[in-house]
Amino acid sequence: LKAEDGSFISPEVFIRIAEGAGLINQLGEQIFEKVCVFAQKNDLDTLGIECINVNLSPLQCMSSELPERLFAIAEKHKVNMDKFHLEITESAMVDVSVLRQQMGLIITTGTQFSLDDYGTGYSNLTRMASLPFANVKIDHSIVWDYFNGVNTFLPSLISTFHDQGLEVTAEGVETKEAADALTEIGCD
């Protein structure tokens, strides 16, 4: 997002503003609609795109209208919901039982969920395991700390997630060497 002066506004800033102003549902729907328009206008298979990841605010997930609204937008643009992986960053501000219910309704369409930025904020293995995630995206800070010798637990973390039947994505991969090393320790 760009400010009036043309400078870049970080998602961390504008998403918090939208959440605080009660506009996150509208913003999330606008973003989802733009992604649906792209999917409708382009042959995703020809582009080599299996699915498109779309971020949802944890607060957006608390809206009882979320599944219905997403389904209506996808239907309007004649895009199957199974073309999307929805990403949620874990938050202490959400009711896990409501989130589980919302995710369950959306999963019936073939959509998958990813836990985004694992290792930041309120990440909790017990809470996370109670939700129907298919993938965990490990935050770049953990990945970079591993490669900088600050932590050694990344291989064990990946193994733990695999033991739970989850795919694992590492964020912040910037070199082929890092990608190769992550593949070697089991990262998907």
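Just above sits the structure.
Keep in mind the model is a prediction, meaning the values are calculated, not measured.

K.L.:
How should I be thinking about the pattern of salt bridges in this particular structure?
P.N.:
A side chain of one charge can pair with a side chain of the opposite charge when the charged atoms of the two come close. Counted according to the given criterion, the structure contains seven salt bridges. As a salt-bridge pair, Glu87 and Lys137 come within 2.8 Å of each other at their nearest N and O atoms. Of the two residues, Glu87 sits in strand β2 (residues 84-89) while Lys137 sits in strand β4 (residues 135-138), which places them 50 residues apart along the sequence. Residue class for Glu87 comes out buried when judged on its relative accessible area of 3%. Here Lys137 falls in the buried class, since its relative accessible area comes to 15%. Note that Glu171 is salt-bridged to Lys137, the shortest N-O span being 3.9 Å. You can see Glu171 sitting in the loop between β5 (167-170) and α8 (176-184) and its partner Lys137 sitting in strand β4, a full 34 residues away along the chain. Residue Glu171 is classed as buried on the basis of its relative accessible area of 14%. Each of Glu87, Asp116, Lys137 and Glu171 takes part in a single network of salt bridges with overlapping partners.

K.L.:
Got a minute to help me understand the nonpolar core in this structure?
P.N.:
If you look at soluble globular proteins, the nonpolar side chains tend to sit buried side by side. Membership of the largest hydrophobic core comes to 42 residues, with the highest contact counts inside it found for Phe32, Phe84, Ile138 and Phe161. Among all residues touching Ile138, those that are not within four sequence positions of it are Tyr118, Val143, Leu154, Leu157, Ile158, Phe161, Val168, Thr169, Ala170 and Glu171.

K.L.:
Please clarify how the packing of aromatic side chains should be interpreted in this entry.
P.N.:
Aromatic ring pairs are described here by two measures, namely the spacing of the ring centres and the angle between the planes. In this structure the tally under the stated criterion is three aromatic pairs. Ring centres of Phe32 and Phe84 lie 4.8 Å apart, and the angle between their planes is 55°; this geometry places the pair in the tilted category. With Phe32 in helix α2 (residues 24-41) and Phe84 in strand β2, this pair connects stretches of sequence that are 52 residues apart. Accessibility classification places Phe32 together with Phe84 in one group, the buried group. Ring centres of Tyr118 and Phe161 lie 5.0 Å apart, and the angle between their planes is 85°; on these two criteria the pair is classed as edge-to-face. Residue Tyr118 is located in strand β3 (residues 112-118), and its partner Phe161 is located in helix α7 (residues 154-163); the two are separated by 43 residues in the primary sequence. Neither Tyr118 nor Phe161 differs from the other in exposure class; each is buried.

What counts, and where the lines are drawn
Residues numbered from 1 in each chain as written. Predicted model: local features only at pLDDT ≥ 70, side-chain atom pairs only at ≥ 80, totals over all residues. Heavy atoms only, no water. Salt bridge = Lys/Arg side-chain N within 4 Å of Asp/Glu carboxyl O. Helix = DSSP H or I, 4+ residues; strand = E, 2+ residues; numbered from the N terminus. Buried < 20%, exposed > 50% of the residue type's maximum accessible area, 1.4 Å probe, protein only. Core = buried A, V, L, I, M, F, W, Y, C linked by side-chain atoms within 4.5 Å. Contact = heavy atoms within 4.5 Å. Phe/Tyr/Trp six-rings, centres within 6.5 Å; stacked < 30°, edge-to-face > 60°.

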